[in-house]
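Each chain, letter by letter, is given below.
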Amino acid sequence: MPKLPSSCKCLKVALPTLLVYSPTSKSTGIKDVGKGVSNGKQEASIAGSIAGAHYIRSVAPIYGVPVVLHTDHCAKKLLPWLDGMLDEDEKHFKKHGVPLFR
């Protein structure tokens, strides 16, 4: 099996898999983009979360299981991060007919 990024925790089973992708600590999304990117308005966390979602969606077929991406929580001060993901989710849905995060 290909190795997923350390930010993704996944069971190696032939059942639907739920990935909790939660960069609300500002760490996961930033790690996926790089610490050199400004995160004053959560732009690194947003970009990293979006990149991570596209990555997981692109490798999920290799595992042969459906994958659900979601965040399990978000502190009020990090709502711009969640808003950024929701904006991208809407764009993805309009273009592909399915949400990016589901």
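Numbers given for residues are sequential positions, taken from 1 along each chain in its written order. Selection of residues for local features in this predicted model requires a pLDDT of at least 70, selection of side-chain atom pairs for listing and counting requires 80 or more, and totals for whole chains, interfaces and linings are taken over all residues. The basis for the side-chain values is all heavy atoms of the structure; hydrogens and waters are excluded.

(A) How the structure looks around the overall build of the protein chain. Secondary structure assignment for the protein chain yields three helices and two strands. Here a strand is any run of E in DSSP of at least two residues, a helix any run of H or I of at least four, and the numbering for each starts at the N terminus. Counted from the first residue to the last, the protein chain has its helices and strands arranged as β-α-α-β-α. Partly exposed describes any residue whose relative accessible area lies between the buried limit of under 20% and the exposed limit of over 50%, with all areas from a 1.4 Å probe on protein chains only and scaled to the type maximum. The burial tally for the protein chain puts 36% of its 102 residues in the buried class. Accessibility throughout is a Shrake-Rupley quantity obtained with a 1.4 Å probe, and a residue counts as covered only by protein chains that appear here. Counting every atom, the protein chain has about 6,300 Å² of accessible surface; 61% of that belongs to carbon and sulfur.

(B) Region of interest: the confidence of the model for the protein chain. By definition, pLDDT measures how confident the predictor is in each residue, and it falls between 0 and 100. Predicted confidence across the protein chain gives a mean pLDDT of 76, with 71% of residues reaching 70 or more. Taken element by element, the predicted model of the protein chain shows its lowest mean pLDDT in strand E1 (residues 17-20) (59) and its highest in helix H3 (residues 79-96) (93).

(C) Layout of unusual backbone geometry. Within the chain, Gln42 stands out as a residue other than glycine whose phi angle is a positive 70 degrees. When you line up the elements, Gln42 lands in the loop between helix H1 (28-33) and helix H2 (43-63).

(D) Summary view of the nonpolar core. By convention a nonpolar core is built from buried Ala, Val, Leu, Ile, Met, Phe, Trp, Tyr and Cys residues, the set being connected through side-chain atoms within 4.5 Å. Within the largest apolar cluster, 14 residues are counted, with the highest numbers of intra-cluster contacts made by Ala53, Val67, Leu69, Leu100 and Phe101. Counting residues per element, the ones that place at least two in this core are H2, strand E2 (67-70) and H3. At seven residues, the largest contribution of residues to this core is made by H2. Beyond its immediate sequence surroundings of up to four residues, Phe101 is in contact with Ser49, Ile50, Ala53, Leu69, Met85 and Asp89. By the convention used here, residues are in contact when the closest approach between their heavy atoms is within 4.5 Å.

(E) Looking closely at H2. Take the residue count of a helix, subtract one, and multiply by 1.5 Å to get its expected span. Across its 21 residues, H2 extends 30 Å between first and last C-alpha, which sits within 8% of the 30 Å expected from 1.5 Å per residue. The seven residues ending at a residue and the seven starting there each receive a fitted axis; the angle between those axes is the bend at that residue. Most pronounced at Arg57, the bend in H2 amounts to some 25 degrees, and the proline Pro61 follows within four residues. Among the residues of H2, Ala44, Ser45, Ile46, Gly48, Ser49, Ile50, Gly52, Ala53, Ile56, Val59, Ala60 and Tyr63 are the ones counted as buried. Gly64 occupies a position one or two residues after H2 and carries a positive phi of about 70 degrees.

(F) Spatial organisation of the packing of H2 against H3. For helices, the fitted axis covers only the stretch in contact; all axes are lines through C-alpha atoms, and the angles between them, taken along N-to-C directions, range from 0 to 180 degrees. H3 packs onto H2 with a crossing angle of 40 degrees between their chain directions and a minimal axis gap of 9 Å. Our classification of the angle between H2 and H3 gives oblique. For H2 against H3, the interelement crossing comes out right-handed. Here H2 contributes Ser45, Ile46, Ser49, Ile50 and His54 to the contact with H3, which in turn contributes Pro80, Trp81, Gly84, Met85, Glu88 and His92. Of the residues assigned to the contact of H2 with H3, the class counts are five nonpolar, five polar and one charged. Roughly parallel covers angles under 35 degrees, roughly antiparallel covers those over 145, roughly perpendicular covers 65 to 115, and oblique covers all other angles. If you view the pair so one helix is near and one far, a crossing is left-handed when the near helix is turned anticlockwise from the far one by less than a right angle, and right-handed when it is turned clockwise. Charged means Asp, Glu, Lys or Arg here, nonpolar means Ala, Val, Leu, Ile, Met, Phe, Trp, Tyr, Cys or Pro, and polar covers whatever is left, Gly included.

(G) Molecular detail of H3. Under the 1.5 Å per step criterion, the end-to-end length of H3 is 25 Å for 18 residues, consistent within 8% with the ideal 26 Å. Among all positions of H3, only Trp81, Gly84, Met85, Asp89 and His92 are buried. The buried side chains of H3 occupy one side of the element, clustering within an arc of 140 degrees when seen end-on. Residues of H3 that are exposed and angled more than 90 degrees away from the buried face: Lys91 and Lys94. In this fold, the buried residues of H3 make contact with H2. Phi turns positive, to about 80 degrees, at Gly97, one or two residues after H3. For this quantity, the arc is that covered by the directions from the helix axis to the C-beta atoms.

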